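# What the coordinates show
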Amino acid sequence: MPTANIVYWYGSSKMPRDGGGLRALAWQDALTALGFNTTVHPLRATATDAKAQTPLRTLKKKLIPMPLTGALPSMMPADLNVVTVPSVFDSAARILPRESLIFDWMDLWSVNARTMGRASIMSRPGGICQSLFWEIQQRRLVRSPIANVFAGFADTRLTDSAGVSTGHWIPTPITPVSFSAQGERKTLRTVGFIGNFDYPPNVMSLRKFFRDFAGEFIQKGIAIKVAGFGSEVVKGWGIPVEVLGRVDSLGDFYRQIDAAIVPIDHGGGIKAKAVEAMAYGVPVFGTAHVANGFSPRWSSFIGRIEDLLQQPPQLPAVPSTEDFELQFSQRAFTESVRAMLTNIRSITASSTL
């Protein structure tokens, strides 16, 4: 049986079921389904490791938003090595055979450093410097593996240069649900945001959304609901929104709203919460930054937040269950990985002739 290693921040048993955690689990499911004996190798023992911040470490994170370099964890040799954390890409390129190596760019850290650096005057200089550092690193590292995979569609431009392995857009999968229970939305009275509030880009972006739009939403009688792990922090922001906290059922949350807002301006890759709202048949409104994570066909399902303030609001279309499953299901992810590995075998075989 062929073997595969996946390198991510956390191991399978401690994996957060959101964002990058969903993607790492999708890799594990796909490779296992394709016949690999697959092991996830964590860079951190648990998710709480990242939270144990000393005052010095907290200050460092404010001054320098993103990590720089790290060491690859100890692991057995494998036929395939999928590495998903850019700070260990350089280590992986030096240690692992190129023909076994796949880099999954869940997001581009040059973008993350720049957008997260904008959060405060203190972090802006470090964010700009790190963004330039990672732009140089990315152009070099993208040449190292046999294949590059991207969660965000616009990020595939990194592989446009000559001599770089083809970039594959394989979006993070979300389990589709029946849309019939949602019904047709003709009015818009309530919008909602759900996310992990322990993830700084979510907090930064939502604060900016409230500064820019909350007053107009309230004037027009559009209620706002927020939910998710740590969302109770919003109660201290002085904004008249309904805070639901952590919810047990995503279906219950999406049934309470007429449209999902994804006002993310920070971080990179594809925004899983936008895909999730589509999976529940809810119209999605987001920023240009969110739309860039999708191919042109799929970005047309992302309405502009400003369109919510029109009279009447312009609701974007919602994809059908069948179309959604062809692009964003686990089966679609697995089939995309299968096609990529077939292409890799073809390249490897031709290079040995």
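Whatever comes next refers back to the structure up there.
Residues numbered from 1 in each chain as written. Predicted model: local features only at pLDDT ≥ 70, side-chain atom pairs only at ≥ 80, totals over all residues. Heavy atoms only, no water.

Turning our eyes to something else, we now look at the sheet that holds strand 7 (residues 190–194). Ordered by their spatial adjacency, six strands build an open sheet running 9-8-7-10-11-12, and the pairing between neighbours is parallel. The open sheet has two edge strands with one neighbour each: strand 9 (242–245) and strand 12 (302–304). The average angle at which neighbouring strand axes cross in this sheet is 30°, direction not considered. Inspection of the sheet shows strand 7 paired to strand 10 (residues 259–262) by two bridges, in the parallel sense. Following the sheet pairing, Val 191 is matched in strand 10 by Ala 259. (Pairing = 2+ DSSP bridges. Helix = DSSP H or I, 4+ residues; strand = E, 2+ residues; numbered from the N terminus. Axes fitted to C-alpha atoms, helices over the stretch in contact; angles between N-to-C directions.)

With respect to the helices and strands, Thr 334 occurs in helix 12 (residues 330–351). Residue classification places Thr 334 among the buried positions, given a relative accessible area of 8%. (Buried < 20%, exposed > 50% of the residue type's maximum accessible area, 1.4 Å probe, protein only.)

Let us now look at helix 8 (residues 272–279). Judged by how many residues are buried, helix 8 sits mostly within the fold: eight of eight residues are covered. Among all positions in helix 8, only Ala 272, Lys 273, Ala 274, Val 275, Glu 276, Ala 277, Met 278 and Ala 279 are buried. Downstream of helix 8 by a residue or two, Gly 281 has a phi angle that is positive, lying close to 70°.

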